[in-house]
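Residue-level listing of the chains:
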Amino acid sequence: MYERVGGEATFRALVHEFYRGVAGDPLLRPLYPEEDLGPAEERLALFLIQYWGGPHTYGEQRGHPRLRMRHAPFRIDTAARDRWLTHMSAAMEAVAATGVLTKPDAEEIWAYMVSAAQFMVNAADLPES
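Definitions and limits used
Residues numbered from 1 in each chain as written. Predicted model: local features only at pLDDT ≥ 70, side-chain atom pairs only at ≥ 80, totals over all residues. Heavy atoms only, no water. Helix = DSSP H or I, 4+ residues; strand = E, 2+ residues; numbered from the N terminus. Polar contact = N/O pair within 3.5 Å; in protein donor to acceptor, adjacent residues only side chain to side chain. Contact = heavy atoms within 4.5 Å. Axes fitted to C-alpha atoms, helices over the stretch in contact; angles between N-to-C directions. Parallel < 35°, antiparallel > 145°, perpendicular 65-115°, else oblique. Left-handed = near helix turned anticlockwise from the far one by under 90°. Nonpolar A, V, L, I, M, F, W, Y, C, P; charged D, E, K, R; others polar. Expected span 1.5 Å × (residues − 1). Buried < 20%, exposed > 50% of the residue type's maximum accessible area, 1.4 Å probe, protein only. Arc of directions from axis to C-beta.

**Q** An account of the side chain of Asp-25 is needed here, citing residue identities and associated values.
**A** Position of Asp-25 among the secondary structure elements: in the loop between α1 (8-23) and α2 (38-51). Here the side chain of Asp-25 touches Leu-27 through a polar contact of 2.8 Å, landing on its backbone nitrogen. Within the structure, the side chain of Asp-25 is placed 2.9 Å from the side chain of Arg-83, a separation counted as a polar contact. Apart from the residues within four sequence positions on either side, Asp-25 is in contact with Pro-30, Arg-83 and His-87.

Right, here's the structure in full:
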């Protein structure tokens, strides 16, 4: 998959577009305590690059992903999951518009994103006031 979709450049473009959305999102932005989203962008890019068959730089720098453990300090409910998916969907559309993703490849990546986002949910939804 990594090579088929254009390698590092494609995953970096996807993650950059994603964080452009997160930067102005009042629900998600507080989940990123660093003032600069650059380090978070780098971590996600390296993770996705490794996950989809690219270099193992993420693992060399950070070890096993331990996604749930790394996200445990943050309250992630279905609203946060859905917002995350909204921004990732917009990023996927932006990258797909460049022609680097075939429909089957985009669908496979999207299925993973949906599954991963659900896996990160670690809090019950708050009752509406």
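**Q** Which residues make up the packing of α1 against helix α5 (residues 78-96), and what are the values?
**A** Direction vectors running N to C along α1 and α5 enclose 135°, while the axes themselves pass 8 Å from each other. Comparing their axes, α5 and α1 come out oblique. Handedness of the crossing formed by α1 with α5: right-handed. Counting all contacts with α1, which are made through Thr-10, Ala-13, Leu-14, Glu-17, Phe-18, Gly-21 and Val-22, the residues of α5 involved are Trp-84, His-87, Met-88, Ala-91, Met-92, Ala-94 and Val-95. Looking at the contact of α1 with α5 residue by residue, the class counts come to 10 nonpolar, 3 polar and 1 charged.

**Q** Kindly report on helix α6 (residues 103-120), identifying the contributing residues and their values.
**A** An ideal rise of 1.5 Å per residue puts 26 Å on 18 residues; α6 measures up with 26 Å between its terminal C-alpha atoms. Of the residues making up α6, those classed as buried are Asp-105, Ala-106, Ile-109, Tyr-112, Met-113, Ala-116, Ala-117 and Met-120. Buried residues of α6, seen end-on, are gathered within an arc of 130° and therefore sit on one face of the element. What points out from α6, more than 90 degrees from its buried face, is the exposed set Lys-103 and Pro-104. A side-chain oxygen of the first residue of α6 lies 3.2 Å from the backbone nitrogen of Asp-105; this N-cap is Thr-102.

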